[in-house]
Amino acid sequence: MELSVVMPCLNEADTLGTCIRKAQGTMREAGIDGEVIVADNGSTDGSVEIAERLGARVVRVEAKGYGNALSGGFAAARGRFVLMGDADDSYDFREIPRFVATLRDGADLVQGCRLPAGGGTVLPGAMPFLHRVWGNPMFSFLARRMFRAPVHDIYCGLRGFRREFQAALAQRCTGMEFATEMIIKASLAGGRFAEVPVTLHPDGRKAHAPHLRTFRDGWKTLRFFLMSSPRWLFLVPGSVLVAAGAVGFALALPGVRVFGARLDVHTMLVAALSVLLGFNLVVFALCAKVFGIAEGFLPPDPRIDAFFRRVRLEHGLVAGSASFLAGVALIAVAAGAWWRAGFGDLDYPRTMRWVVPGTLLAALGFQAVLASFLVSLLAMGRR
């Protein structure tokens, strides 16, 4: 069998029959050997009976959620290719041949695009204004920027893929973010993408409102984007904080004036906080990357392999211990000055120039030692 058309379904009696007939008729006319699978997620409105009457194969998925429904349908698919599409009649299943032709040409994933940026069309009333002008374009831009996913409509639910390719992605999301997870993981895995312009029609359902919730599902998408990219969640902001703190220290230590303002020990304290927070974020980035790869959530990264070939636990222990001892030495210098003053008042601006760097180096060294053990522990799961 060449194609399995999978439709997730939860009380879609208004439109399900129309979608099934379009898919079946189109495959028959195009000479495509295929099937229609309705992944039912607990319908109570007669959707199952409609699907069975029209000859579709019904897969009952008890675990609730858009992602769960699709996963159940994909697992039951027998086709070499799979095409997924919502059963609300917003997508025209008569566009199936274009997806199949692109898959035959070698694409791993063929993404539909409803937005004009990718040649698509959104009919009046088919997509909320906020989704069309901000939400979808913004998340699609982030997908291209953060994951190099060559798509202009990441939320389009009409897409086709090779069944074996999708199965290898080992998707885990159970809700609406399942669709974006597929795009992100496919891009990280180096999949061959193609984009097909499609037309989005107004939702044909009358019995209930769309299942999508703008802000809830938007947050879930953003949350998944960040969790899938330790680089943008941790490494980039961490590096910026470390760099900003280092510059602050370099200017405040000698008391340089910038635009008429003299940078002194207060600036050093803030700079120390910036460096410390940034260092923690960089460590989190490494831990998250190693853990994600070990758990199969993120694909292998040759840069991580190269890092562990060059850097061992002992390197981190030596560097961390050296930093800690240097920090203690600087604090000891300030303590000596206090002792010579009879443990009385100190020259605050002078001694703080020893205490603040010493405290920072001691804290960084201590954390580096602990982080070295933690990263090494996480990396054991990779061997």
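The structure this text deals with has already been given above.
Reading the values: the criteria
Along each chain, the written sequence defines residue order, and numbers are assigned to residues from 1. Where local features are concerned, this predicted model is filtered to residues with pLDDT of at least 70; where side-chain atom pairs are given and counted, the filter is 80 or more; whole-chain, interface and lining totals use all residues. The side-chain quantities take in all heavy atoms of the structure and omit both hydrogens and water. Categorising residues by exposure relies on relative accessible area from a 1.4 Å probe, with only protein chains included: less than 20% of the type maximum marks a residue as buried, more than 50% marks it as exposed, and the intermediate range marks it as partly exposed. Numbering of helices and strands runs from the N terminus, with a helix taken as a DSSP run of H or I at least four residues long and a strand as a DSSP run of E at least two residues long. Strands qualify as paired when DSSP identifies two bridges or more between them. Helix axes are fitted to C-alpha atoms over the stretch in contact, other axes to C-alpha atoms as well, and angles between N-to-C directions run from 0 to 180 degrees. Orientation labels follow simple angle bins: below 35 degrees gives roughly parallel, above 145 gives roughly antiparallel, 65 to 115 gives roughly perpendicular, and whatever is left gives oblique. Take the far helix as the reference: if the near one is turned anticlockwise from it by less than a right angle, the crossing is left-handed, and if turned clockwise, right-handed. Contacts are assigned to residue pairs that have any heavy atoms within 4.5 Å of one another. In this count, Pro and Cys sit with the nonpolar residues alongside Ala, Val, Leu, Ile, Met, Phe, Trp and Tyr, while Asp, Glu, Lys and Arg are called charged and the others, Gly among them, polar. Any residue with relative accessible area above 30% and no salt bridge may belong to a patch, with like charges joined within 9 Å and the nonpolar Val, Leu, Ile, Met, Phe, Trp and Tyr side chains within 5 Å. We get accessible surface area from the Shrake-Rupley algorithm with a probe of 1.4 Å; when it comes to residues, only the shown protein chains can shield them. Here, a salt bridge means any side-chain nitrogen of Lys or Arg that lies within 4 Å of a carboxyl oxygen of Asp or Glu. An arc is given here, and it is the one of the directions from the helix axis to the C-beta atoms.

Before going further, it helps to spend a moment on unusual backbone geometry. A positive phi angle, near 55°, is found at arginine 148, a position not held by glycine. Assessed through its relative accessible area of 65%, arginine 148 is described here as exposed. Residues other than glycine seldom take positive phi values, yet alanine 170 does so here, at roughly 50°. Inspection of the secondary structure assignment puts alanine 170 in the loop between helix H6 (163–168) and helix H7 (178–188).

Here 4 bridges tie strand E4 (residues 81–84) to strand E7 (residues 159–162), and the two strands are oriented antiparallel to one another. Its bridge partner lying in E7, valine 82 is registered against phenylalanine 161. As paired elements, strand E5 (residues 109–113) and E7 share 3 bridges and run antiparallel to each other. In the sheet register, valine 110 faces E7, and the bridge partner there is glycine 160.

This paragraph deals with the packing of H7 against helix H8 (residues 214–227). At a minimum axis separation of 10 Å, H7 and H8 run at an interaxial angle of 25°. By the angle class used here, H7 and H8 are roughly parallel. The crossing of H7 and H8 is right-handed. In this structure, H7 contributes Thr180, Glu181 and Ile184 to the contact, and H8 contributes Thr221, Phe224 and Phe225. Looking at the contact of H7 with H8, its residues break down into 3 nonpolar, 2 polar and 1 charged.

Before going further, it helps to spend a moment on helix H3 (residues 66–76). In terms of residue burial, H3 counts as a mostly covered element, since 8 of its 11 residues are buried. When H3 is considered as a whole, its buried residues turn out to be Tyr66, Gly67, Ala69, Leu70, Gly72, Gly73, Phe74 and Ala76.

So, on to a nonpolar patch on the surface. A grouping of Phe129, Leu130, Val133, Trp134 and Phe215 is seen on the molecular surface, where their side chains present a nonpolar patch of about 600 Å² in accessible area. Ranked by residues supplied to the nonpolar patch, first place goes to helix H5 (residues 129–147) with 4 residues. Inspection of the secondary structure puts leucine 130 in helix H5.

Attention now goes to the sheet that holds E5. The strand order across the open sheet formed by 7 strands is E3-E2-E1-E4-E7-E5-E8, and the pairing between neighbours is mixed. In this open sheet, the two edge strands, each paired with only one partner strand, are strand E3 (57–60) and strand E8 (193–197). This sheet shows a mean twist of 20° between the axes of neighbouring strands, independent of strand direction. Sheet strands touched by H3: strand E1 (3–9), strand E2 (34–40), E3, E4 and E7. Its angle to E1, the strand with the most contacts, is close to 155°.

Within helix H4 (residues 96–104), the full set of buried residues consists of Ile96, Phe99, Val100, Thr102 and Leu103. For H4, the buried positions fall inside an angular range of 160° around the axis, keeping them on one side. Here the buried face of H4 lies against E1, helix H1 (16–30), E4, E5, E7 and E8. At the exit of H4 stands glycine 106, carrying a positive phi of roughly 115°.

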